[in-house]
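Take a look at the letters that make up each chain.
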Amino acid sequence: MDIEYKVTREMLRRRYSKTTIKTYLECINKFFRKCKKQPEKVSKIDVREFLNNLIKRNAAGNTVNVYLNALKFFFEEILNKRMRLNIKYSKVPKRLPVVLSKEEIGRLINAIRNDKHRLMIKLMYSAGLRVSELVNLKIENFEVENNYGWVREGKGGKDRLFIVAENIKGELQDYVKNNKITSWLFPGNKRNHLSQRTVAAIIKNATKIAKINKKVHTHTLRHSFATHLIENGYSVTDVQNLLGHASPETTMIYLHTASKDMIKVKSPLDSL
């Protein structure tokens with residue numbers, strides 16, 4: 001049985017992202033390397049034992065859940081096997097994301113000397129883009145004169161609108177004109193787009209130069225974008241739509257990362 005072919009074909013048919021397909025295949029392949037049974041002979045006990053071993057090795061809750069979802073998809077959707085994996089999801093600790101202050105964002109951007117790299121990071125922060133969305137942008141995705149653009153087939157295969165900040169419109173238009181951009185907004189080698197690793201390296205280097213003592217990664221800019229919108233008085237619904245979240249509960253975490261200056265409620269102790 002060609003597991004990879006069947007899983008990939010079915011996931012593409014359902015418009016799963018390439019990243020999700022790759023992750024699920026890695027999980028499924030790792031399971032069969034450990035289990036060493038033919039797919040049709042695998043039992044619920046085998047799956048449960050595999051997941052329990054992950055937990056014993058202190059795998060993160062998110063990791064266990066991804067394996068569980070990948071295996072459920074394979075057995076129930078590919079094999080049509082009535083294997084009800086009634087395994088409780090591992091609890092994921094609710095940690096607040098790392099967020100940069102507006103002043104730190106300014107320092108991070110100013111630490112980047114390369115004009116193209118600086119524009120990339122400004123666009124990423126100003127629109128709340130995921131790094132995968134940034135590198136996959138094409139010139140045809142923009143309506144710069146109208147202050148917006150489109151993420152095409154983002155997370156979950158969805159399209160969504162994003163805003164283009166007024167103060168980078170001219171810079172963006174000049175960049176496209178001067179570099180004769182006709183396809184990928186940020187081209188890399190071999191007629192492909194720039195890699196996500198390159199963006200991560202730019203942010204890592206800028207963080208060091210700016211002397212920001214926080215664990216900053218590519219998604220930190222997206223967290224900061226959402227938090228700063230909340231601080232500026234925009235509603236959770238507004239932010240939810242711009243981030244492309246399916247549920248407002250996902251967006252509400254940014255209420256907790258907003259500046260304490262937003263908190264206007266006084267403790268009753270203060271009125272005694």
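Scroll up to find the structure this text is about.
None of the values given here were measured: they were computed from a predicted structure. (Residues numbered from 1 in each chain as written. Predicted model: local features only at pLDDT ≥ 70, side-chain atom pairs only at ≥ 80, totals over all residues. Heavy atoms only, no water.)

## Side note on a positive patch on the surface
Phase 1: Together, Arg 33, Lys 34, Lys 36 and Arg 57 make up a region of like positive charge exposed at the surface.
Phase 2: One can find Arg 57 in the loop between α3 (44–56) and α4 (61–78). (Patch = residues over 30% accessible without salt bridge, like charges linked within 9 Å, V, L, I, M, F, W, Y side chains within 5 Å. Areas by Shrake-Rupley, 256 points an atom, 1.4 Å probe, with all protein chains shown as cover. Salt bridge = Lys/Arg side-chain N within 4 Å of Asp/Glu carboxyl O. Lys, Arg positive; Asp, Glu negative; His and termini not counted. Charge placed at Lys NZ, Arg CZ, Asp CG, Glu CD. Helix = DSSP H or I, 4+ residues; strand = E, 2+ residues; numbered from the N terminus.)

## Some remarks on the packing of aromatic side chains
Phase 1: As enumerated under the stated definition, the model contains 13 aromatic pairs in all.
Phase 2: Measuring from centroid to centroid gives 5.6 Å for Phe 32 and Phe 74, while their planes differ by 80 degrees, and the two rings are edge-to-face. Placement of the pair is Phe 32 in helix α2 (residues 18–35) and Phe 74 in helix α4, with a sequence separation of 42 residues. An identical accessibility class is assigned to Phe 32 and Phe 74; each is buried.
Phase 3: Ring centres 5.1 Å apart and planes at 70 degrees place the aromatic pair Phe 74 and Phe 75 in the edge-to-face group. Across the pair, exposure class does not vary: Phe 74 and Phe 75 are buried alike.
Phase 4: Above the ring of Trp 184, the side-chain terminus of Lys 138 is found at 4.5 Å from the ring centroid. (Phe/Tyr/Trp six-rings, centres within 6.5 Å; stacked < 30°, edge-to-face > 60°. Buried < 20%, exposed > 50% of the residue type's maximum accessible area, 1.4 Å probe, protein only. Lys NZ or Arg CZ within 6 Å of the ring centre and 35° of its normal.)

## Re unusual backbone geometry
Phase 1: Although it is not a glycine, Lys 36 sits at a positive phi angle of roughly 55 degrees.
Phase 2: Tracing the chain through its elements places Lys 36 in the loop between α2 and α3.
Phase 3: For Lys 180, which is not glycine, the phi dihedral falls at a positive 50 degrees.
Phase 4: With respect to the secondary-structure elements, Lys 180 resides in the loop between α8 (166–178) and α9 (196–209).
Phase 5: A relative accessible area of 72% places Lys 180 in the exposed class.

## Quick look at the pairing of strand β3 (residues 160–163)
Phase 1: Burial of β3 is one-sided: the residues Arg 160 and Phe 162 facing one way are buried, the residues Leu 161 and Ile 163 facing the other way are not.
Phase 2: Alignment of strand β2 (residues 148–151) against β3, held across four bridges, turns out to be antiparallel. Along β3, the bridge assignment pairs Trp 150 with Leu 161. (Pairing = 2+ DSSP bridges.)

## Here we look at the sheet that holds β3
Phase 1: Read across the open sheet, the three strands follow the order β1-β2-β3; overall the sheet is antiparallel. At either margin of the open sheet sits one strand with a lone partner, and together these are β1 (142–143) and β3.

## Structural notes on α9
Phase 1: Helix length check: α9, at 14 residues, gives a terminal C-alpha distance of 20 Å against a target of 20 Å (1.5 Å per residue), a fit within 8%.
Phase 2: Those residues of α9 that sit buried are Val 199, Ile 202, Ile 203, Ala 206 and Thr 207. Along the axis of α9, the buried residues cluster in a sector spanning 130 degrees; they form a single face. Residues of α9 that are exposed and point more than 90 degrees away from the buried face comprise Arg 197, Lys 204 and Lys 208.
Phase 3: A positive backbone phi angle near 55 degrees is found at Lys 211, which sits one or two residues after α9. (Expected span 1.5 Å × (residues − 1). Arc of directions from axis to C-beta.)

## Remarks on the side chain of Thr 220
Phase 1: Counting through the fold element by element, Thr 220 comes out in helix α10 (residues 218–231).
Phase 2: Those residues within four positions of Thr 220 in sequence are excluded, and the remaining contacts are Val 98, Leu 100 and Lys 215. (Contact = heavy atoms within 4.5 Å.)

## Notes on the state of the cysteines
The term disulfide refers to a covalent linkage connecting the sulfur atoms of a pair of cysteines.
Phase 1: Tallied over the full model, the rule gives zero disulfides.
Phase 2: The structure places no disulfide on Cys 27, whose sulfur is separated from the nearest cysteine sulfur, that of Cys 35, by 15 Å.
Phase 3: The class of Cys 35 is buried, set by a relative accessible area of 19%. (Disulfide = S-S within 2.5 Å.)

## A short note on the pairing of β2
Phase 1: Residues Gly 149 and Val 151 point to one face of β2 and are all buried, whereas Tyr 148 and Trp 150, pointing to the other face, are not buried.
Phase 2: Taken together, the two bridges between β1 and β2 define a ladder with antiparallel strand orientation. For Glu 143, the partnering residue across the bridge sits in β2 and is Tyr 148.
Phase 3: Counting the residues that bridge the hairpin from β1 to β2 gives four residues, and of these Asn 147 lies at a positive phi of roughly 65 degrees.

## With respect to the pattern of salt bridges
Pairing of side chains with opposite charge becomes possible as their charged atoms draw close.
Phase 1: Taken as a whole, this structure holds 13 salt bridges when the rule is applied.
Phase 2: For Glu 103, the salt bridge goes to Arg 107, with nearest N and O atoms at 3.2 Å. Of the two residues, Glu 103 and Arg 107 are both situated in helix α5 (residues 102–110); the distance of four residues between them amounts to about one turn of the helix.
Phase 3: Residue Asp 159 pairs with Arg 152 through a salt bridge whose shortest N-O separation is 3.2 Å.
Phase 4: Using a relative accessible area of 42% as the deciding quantity, one classes Asp 159 as partly exposed.
Phase 5: Linked by salt bridges that have partners in common, Glu 10, Arg 13, Arg 14 and Glu 77 make up one network.

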